[in-house]
Amino acid sequence: MSSIRRIDDIEVLRAFAVLFVVLSHLNGSLYRFSTDNLFGRIYASFSGGFGVDLFFAISGFVIARSMLPKFSGNVTKKEFKNLAFSFWTRRIFRLLPSAWLWLAIILLLQINFNQSGAFGSLRANIDATIAAVLQFANVRFALGFGRFELGASFVYWSLSLEEQFYLIFPFLALLTRNKLIVVLAVVICLQLFQARGMWLMMFRTDALCFGILVAMMVHTDVYASLKRACQASPALFSMLLALLLVLMVVFSSKDFVIKHCDKSIIAILSFIVVLITSFNEDIFRRILPLHKVFLWIGSRSYAIYLMHVPLFYVVRELYFRFHIAMSDHVVVAVALSFLLIACCAELNFRLIEDPIRRWGTKLAERKFGRVNHSVSAALT
């Protein structure tokens, strides 16, 4: 099996995805910015939730580029069982420990650190925790949006969708084989050309399918030609990548006129962005002065995604307890929030994510056969 290494440009793309989401939730979860000035109006129109679509496209690509080659030939029932259970074991140890830890932290904070009411009611958070643990948080979100309190762990809807994808994908790869591209095209078209209500928003798998398509392109002549073009004109592709990221911000704006097509456009842009970064040509190293910082953010993006909302609530609670008006010290509140997120993300990575991920990889190898270490690393 050929080595599959981590791609730095994909890691930086993860950083952009999580930063877009964090900035989106900053307005509301930490502080509701006024629209009485130009900055407030511009920021109020920003909808960084499209970072989730970018995450989905990245996940589809990263998972498929490792899994699909294993199903390219004839696979026996025993081989399928070992491949599937090895994959699921590594996913469980990679994702669930941190997810469940922060669910527990949210419940503890709701009970013991909630004088301001920032964390909401205990009942809502218990219901949200159950939905997250049982992997139907996206269903609960669709049912409850605008109807009942969603709880402080509302971002877990996307994790539930990804877990559902991870459960189905080995069967999809095995059963469809050469027809996988047709299945992906159908799933994409069913979502791409229609207005999206809340249910489609909670099951927006088109970005995941686009990510899988990128992985399927890797060994094609078209992909090879595009990669050679990128190698020949790195400056051009760098500008193109930067432009695409700007367009994602523009097209996701709440003031964008084509309301019914915004998620479809974002999914297509996510496909192109993941395609370009998959070339592994260190494009971001050329255009980002803080490249290593973005690499760090990308490697901690999962923890940042899980914890940013409850940590925003922690800062709100601190301001409430010390009788400080948030409106008078917004900059300090934002800085404190980001500092807390950075420190907690680093601790989570070093104490929870990385060691438990390694245990999961070793367990999967011991129970279901050895998997190339570089492939396992690529699945993070």
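Nothing here was measured: the structure is a model prediction, and the numbers come from that model. Sequence positions are assigned chain by chain, starting from 1 and proceeding in written order. Selection of residues for local features in this predicted model requires a pLDDT of at least 70, selection of side-chain atom pairs for listing and counting requires 80 or more, and totals for whole chains, interfaces and linings are taken over all residues. To obtain the side-chain values, all non-hydrogen atoms of the structure were included, while hydrogens and water were left out.

This part takes up the environment of Leu-134. Counting from the N terminus, the helices are DSSP H or I runs at least four residues long and the strands are E runs at least two residues long. Mapping Leu-134 onto the fold places it in the loop between helix H5 (122-133) and helix H6 (137-144). Classification of Leu-134 by relative accessible area gives exposed; the value is 57%. Between the C-alpha atoms of Leu-134 and Leu-288, which are 154 residues apart in sequence, the distance is 40 Å. Throughout this description, buried means an accessible area under 20% of the type-specific maximum (1.4 Å probe, protein chains only), exposed means over 50%, and partly exposed covers the range between.

Another point: helix H4 (residues 77-112). Relative to the 52 Å expected for 36 residues at 1.5 Å per residue, H4 spans 50 Å between its end C-alpha atoms, a close match to the ideal helical length. Here the bend at a residue means the angle between the axes of two seven-residue stretches, the one that ends at it and the one that starts at it. In H4, a bend of some 30° at Leu-96 exceeds every other bend along the element, and Pro-97, a proline, comes one to four places later. Expected span of a helix: the number of residues minus one, times 1.5 Å.

Attention now moves to the environment of Arg-366. With respect to the helices and strands, the residue Arg-366 is situated in helix H17 (residues 330-368). On the accessibility criterion, Arg-366 (61% relative accessible area) is exposed. Put simply, Arg-366 and Arg-316 are 50 residues apart on the chain and 46 Å apart in space, counted from C-alpha to C-alpha.

Attention now goes to the packing of helix H1 (residues 8-30) against helix H3 (residues 51-67). Running from N to C, H1 and H3 cross one another at 155°; their axes reach a closest spacing of 8 Å. With respect to H3, the element H1 is oriented roughly antiparallel. Judged by the sense of rotation from one axis to the other, the crossing of H1 with H3 is left-handed. Seen from H1, the contacting residues are Ile-10, Leu-13, Arg-14, Ala-17, Val-18, Phe-20 and Val-21; seen from H3, they are Gly-51, Val-52, Leu-54, Phe-55, Ile-58, Phe-61 and Val-62. The class makeup of the residues in the contact of H1 with H3 is 12 nonpolar, 1 polar and 1 charged. Every axis in this analysis is a line fitted to C-alpha atoms, fitted for helices over the stretch in contact. Angles between the N-to-C directions lie between 0 and 180 degrees. Oblique is the label for any angle not under 35 degrees, not over 145, and not in the 65 to 115 range, which are roughly parallel, roughly antiparallel and roughly perpendicular in turn. By the definition used in this description, the sense in which the near helix is turned from the far one sets the handedness, with an anticlockwise turn below a right angle giving left-handed and a clockwise turn giving right-handed. Residues are treated as being in contact if the distance between any of their heavy atoms lies within 4.5 Å. We call Asp, Glu, Lys and Arg charged. Ala, Val, Leu, Ile, Met, Phe, Trp, Tyr, Cys and Pro are nonpolar, and the rest, Gly among them, are polar.

Attention shifts here to the packing of aromatic side chains. A ring pair, where both rings are aromatic, is described by two values, the distance of the centres and the angle of the planes. We call Phe, Tyr and Trp rings a pair once their centres come within 6.5 Å, taking the six-membered ring for Trp, and we label the pair stacked below 30 degrees between planes, edge-to-face above 60, and tilted otherwise. Taken as a whole, this structure holds 20 aromatic pairs when the rule is applied. Relative to Phe-171, the ring of Phe-80 lies with its centre 5.3 Å away and its plane at 55°, an arrangement referred to as tilted. Taken as a pair, Phe-80 in helix H4 and Phe-171 in helix H7 (residues 156-176) lie far apart in primary sequence, 91 residues in all. Residue classification places Phe-171 among the partly exposed positions, given a relative accessible area of 36%.

On to unusual backbone geometry. Phi is positive for Asn-280, which is not a glycine, with a value near 60°. Counting through the fold element by element, Asn-280 comes out in the loop between helix H13 (262-277) and helix H14 (283-287). Not every positive phi belongs to a glycine, and His-323 is a case in point at roughly 55°. Structurally, the position occupied by His-323 is in the loop between helix H16 (301-321) and H17. Its relative accessible area of 75% is what places His-323 among the exposed residues.

Okay, a nonpolar patch on the surface next. Residues enter a patch when their relative accessible area is above 30% and they make no salt bridge; the linking distance is 9 Å between like charges and 5 Å between nonpolar side chains (Val, Leu, Ile, Met, Phe, Trp, Tyr). The accessible surface values rely on the Shrake-Rupley method and a 1.4 Å probe; as for residues, cover is taken only from the protein chains in view. Note on definitions: salt bridges are taken to be side-chain nitrogens of Lys or Arg within 4 Å of carboxyl oxygens of Asp or Glu. A grouping of Trp-100, Ile-111, Leu-122, Ile-126, Ile-130, Val-133, Leu-134 and Phe-136 is seen on the molecular surface, where their side chains present a nonpolar patch of about 700 Å² in accessible area. Elements with a minimum of two residues in the nonpolar patch: H4 and H5. Among the elements that take part in the nonpolar patch, H5 stands out by supplying 4 residues, more than any other. On the secondary structure map, Ile-130 appears in helix H5. Judged by its relative accessible area of 42%, Ile-130 falls in the partly exposed class.

From the geometry alone we can't say anything about function, so treat these as descriptive.
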